[in-house]
Amino acid sequence: MSITYHVQSNVFQLDGKNSTYLIGVYDNRFLTSLYYGKKLEILNPSRLMVTRELGFSPSPHEDFYKRYVSLDTLPSECPSFGYGDFRIPAITIEQNDGSRCLDLRYAGYEILTKKPSIKGIPSLKEDDNCDTLKIILKDKLTKVEVNLYYNVYNDRDVITRHMIIRNKGDEKINITKAMSCSFDLRDNNFNLLQLIGCHCEERHIEVTPLRHGISKIESRRGSSSHMLNPFFALLRKDTTEDVGEVYGINLVYSGSYEGTIEVDQRHTTRVQMGISSFDFSWPLDVKESFETPEVVMVYSNGGLNGMSQQFHNLYNDCLLKKQYYHPIVVNNWEATYFGFDEEKLDKLISSAKGLGIETFVLDDGWFGKRNNDESSLGDWYVNKEKLPHGLEGVAEMCKKNGLKFGLWFEPEMISEDSDLYRAHPDYAIKIPNRPHLYSRCQLVLDLSRKEVCDYIIDAISKVVDKLDISYIKWDFNRNISETYSKQLTHKYVLGLYYVLETLTKKYPKIMIEGCSGGGGRFDPAMLYYTPQIWTSDDSDAIERLYIQYGTSLVYPPTTMVGHVSVTPNHQTGRVTPFKTRGIVAMSANFGYELNPQVLTEQEREMVKDQTKTYRNLKKVIYNSDFYRLRNPFGGKDCAWSFVRKDKKEVYVMYVRILNSATNEFDWLVLKGLDSKKIYVNVETNEKFSGSELMSAGILLPRHPYDFNGIMYHFKEDKE
Ligand code: DGJ
């Protein structure tokens with residue numbers, strides 16, 4: 001059992017594989033954070049429960065003589081507002097009389113053997129060894145009850161948390177803040193790592209020293225956003241890729257969120273993550289309850305790579321659905337944009353024949369009268385001018401050339417110039433009496449309304465039912481600006497999950513690739529429904545090094561999508577070798593974003609080679625540990641490797657960014673191999689011991705030009 005209740009000291013001990021989390025009940029009243037870190041055995045846990053007087057920190061009424069008791073100085077697992085704690089609260093409510101005070105007291109616990117699901121929001125499955133602690137807190141006056149859930153994955157260093165707020169009083173209340181987790185760390189000796197970005201530059205790594213006061217990451221956009229991924233990590237100052245303590249926090253949610261860290265006057269650190277409290281208010285009627293999304297907390301004492309592997313293994317085992325086939329695709333977006341017709345598609349599809357490509361994905365522009373991005377979103381019926389034989393005609397072309405068929409939708413959007421808008425202008429999110437805003441000329445459908453969600457399910461079903469389709473690309477190309485109510489963005493996300501839940505149940509074989517102008521909604525909740533996500537609209541191989549490197553901090557490479565596109569690259573104008581483009585794209589779910597017709601004979605041969613290589617590589621990638629070897633941020637190159645779980649096979653991807661004339665000796669040192677095994681380089685037949693590869697490394701060749709990419713494939717030597 002990984003959850004121990006120390007009766008004498010009133011302390012809960014949550015043990016993971018190498019970590020311990022201690023929660024104390026101070027004086028049988030207040031739920032306090034005691035310890036989170038390296039695994040420990042503790043003789044007297046109550047020793048950790050300390051309070052000391054601090055001027056200007058108020059004491060609860062009953063502690064008049066005990067100035068040392070104050071919620072302002074006690075570390076807390078669920079801080080509320082108005083009862084002495086001046087730091088950020090995890091929960092705030094408003095009562096009918098305007099009071100916002102909540103005095104949450106400990107009222108008991110339960111240990112559950114089954115991990116609870118969360119109403120309307122995806123959450124992680126339990127694994128074979130998972131226990132749940134439920135802690136009950138109550139406010140006597142309002143009769144508001146709070147349940148805190150801690151799911152402990154005993155064989156990992158993972159705790160997931162969420163909170164349920166129940167209105168057990170006799171008056172309606174308004175929830176104005178409800179975090180999925182809150183805990184206090186005992187010091188502030190940390191750097192803060194966050195994944196920053198924008199459209200075409202997602203999930204770049206930024207590390208800054210943690211300062212006093214409040215640091216915050218958030219999205220107010222109605223989606224988890226390109227700008228700041230719903231993830232952050234606190235790193236000890238000396239933490240590196242391979243050693244040192246890291247606390248990684250990731251929210252299983254796709255809408256507006258906030259992650260907040262506050263360093264207080266006593267230099268302790270409060271950590272929170274949850275739905276955004278900005279412009280949020282949720283009325284809770286008598287007997288109603290509100291459930292927050294789940295937050296994933298990973299502890300690593302093995303540096304950043306240790307943290308990433310924890311996230312990767314957890315998401316592979318407990319989040320991502322296994323029933324889907326992830327094909328090698330060719331997508332026509334960068335090949336044609338909106339300018340295609342049957343003849344062009346026929347040529348494109350038939351030129352993909354024999355290259356080892358498995359699926360053709362028809363991107364934007366096949367429906368309504370969509371010849372540019374100004375119209376037709378919502379009109380999910382085929383454009384007969386472009387495709388006189390309908391989608392069936394395209395499906396037939398695919399079949400004839402041995403390819404499966406995939407189709408692009410942007411289901412959550414509506415164009416003003418569409419039949420849908422003419423019939424239902426009210427379906428779009430707008431503010432009454434104000435002219436609405438455009439973003440990419442479009443509006444967002446109001447998924448907080450059931451009839452709008454049902455329209456989407458129906459419209460997609462009508463297309464899919466007529467076709468033998470195996471793949472959908474689900475795009476989302478604007479954010480929600482006109483939030484006409486304080487519930488809208490959360491209700492929207494619940495609507496989105498309802499739509500995705502219904503469609504994925506109805507079509508269990510259709511793999512949905514997520515997309516939001518690339519990686520604008522790359523979060524665990526979307527991954528639950530869309531197990532791979534178009535990682536960025538920037539398909540340039542060099543830019544992708546940074547994007548994929550940053551993304552790999554949290555998300556397994558098998559959730560990313562990488563395509564080889566043409567040069568000069570459409571986003572950057574950069575010219576990179578075909579081989580390098582292949583190596584970078586093959587580090588994710590592999591495909592092509594070009595018209596195979598434009599390939600030279602030599603490139604066609606390279607494509608055949610790449611798809612063949614990828615088929616074997618894929619078996620490794622989907623069953624491997626991922627190691628980052630060279631960091632492109634501030635560096636001259638980038639490298640990572642996939643080490644099969646049994647350590648018998650390894651792929652290493654290396655890309656030199658700008659070349660130099662120095663002809664240096666540059667040794668690439670590998671990680672995660674079996675030091676006792678002998679590995680053979682499959683290309684050269686040269687043999688190395690695992691210990692040599694992990695200590696001396698391999699000598700990189702002299703690079704002939706900028707952007708040189710090299711892939712090494714080692715296998716255990718059987719002789
Ligand atoms: C944005 C996506 O990221 C692109 O790949 C493409 O599907 C376009 N939308 C189509 O409008």
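Note: the structure precedes this text.
Scope of this entry: the structure provided in the associated data block. Worth saying up front: this structure is predicted, and the values here are computed from it rather than measured. Along each chain, the written sequence defines residue order, and numbers are assigned to residues from 1. With pLDDT at 70 or above as the cut-off, local features in this predicted model cover only qualifying residues; side-chain atom pairs require 80 or more to be listed or tallied, and sums for whole chains, interfaces and linings still use all residues. Values reported for side chains reflect all heavy atoms of the structure, with hydrogen atoms and water molecules removed beforehand.

Turning to a nonpolar patch on the surface, a few remarks are in order. Patch members must show over 30% relative accessible area and no salt bridge, and they are joined within 9 Å when carrying like charges or within 5 Å when they are nonpolar side chains of Val, Leu, Ile, Met, Phe, Trp or Tyr. Exposure was quantified through the Shrake-Rupley algorithm and a 1.4 Å probe, taking into account, for residues, occlusion by the shown protein chains and nothing else. By definition here, a salt bridge exists when the distance from a side-chain nitrogen of Lys or Arg to a carboxyl oxygen of Asp or Glu is within 4 Å. Taken together, the side chains of F665, W667 and L699 make up a nonpolar region of the molecular surface, amounting to roughly 370 Å² of accessible area. Under the DSSP-based scheme used, a helix requires at least four consecutive residues in state H or I and a strand at least two consecutive residues in state E, with every element numbered from the N terminus. Structurally, the position occupied by L699 is in strand β37 (residues 698-699).

The next point concerns the packing of aromatic side chains. Each Phe, Tyr or Trp ring, with Trp reduced to its six-membered ring, pairs with another whose centre is within 6.5 Å; inter-plane angles below 30 degrees give stacked pairs, above 60 give edge-to-face pairs, and intermediate values give tilted ones. Evaluated as defined, the whole model comprises 40 aromatic pairs. For the ring pair Y5 and Y109, a centre distance of 4.7 Å and an interplane angle of 50° mean the geometry is tilted. Of this pair, Y5 sits in strand β1 (residues 3-6) while Y109 sits in strand β6 (residues 105-112), placing them 104 residues apart in sequence. The rule is simple: take the accessible area with a 1.4 Å probe, protein chains only, and divide by the maximum for that residue type; under 20% is buried, over 50% is exposed, in between is partly exposed. Judged by relative accessible area, Y5 falls into the partly exposed class, the value being 24%. Considering the side-chain rings of W333 and Y337, the 5.0 Å spacing of their centres and the 80° angle between planes classify their relative orientation as edge-to-face. For Y337, a relative accessible area of 30% translates into the label partly exposed. Of the aromatic side chains, those joined through ring pairs into one cluster are Y21, Y36, Y150, F183, F190, Y247 and Y299. Positioned above the aromatic ring of Y528, the side-chain terminus of K321 is 4.2 Å from the ring centre. Two limits define a charge over a ring: the Lys NZ or Arg CZ must be within 6 Å of the ring centre, and within 35 degrees of the ring normal. One Lys or Arg, K491, reaches over the ring of W282 and ends 6.0 Å from the middle of that ring.

Time to look at the environment of L304. For L304, the location among the structural elements is in helix α1 (residues 303-318). We classify L304 as buried; its relative accessible area is 11%. Between the C-alpha atom of L304 and that of R628, which follows or precedes it by 324 residues, the distance is 9.3 Å. Residue contacts are defined here by distance: any two heavy atoms, one from each residue, within 4.5 Å place the two residues in contact. Discounting residues that sit within four places of it in the chain, L304 has contacts with L193, L235, T239, T240, E241, V246 and R628.

Distances and angles like these do not, on their own, reveal function.
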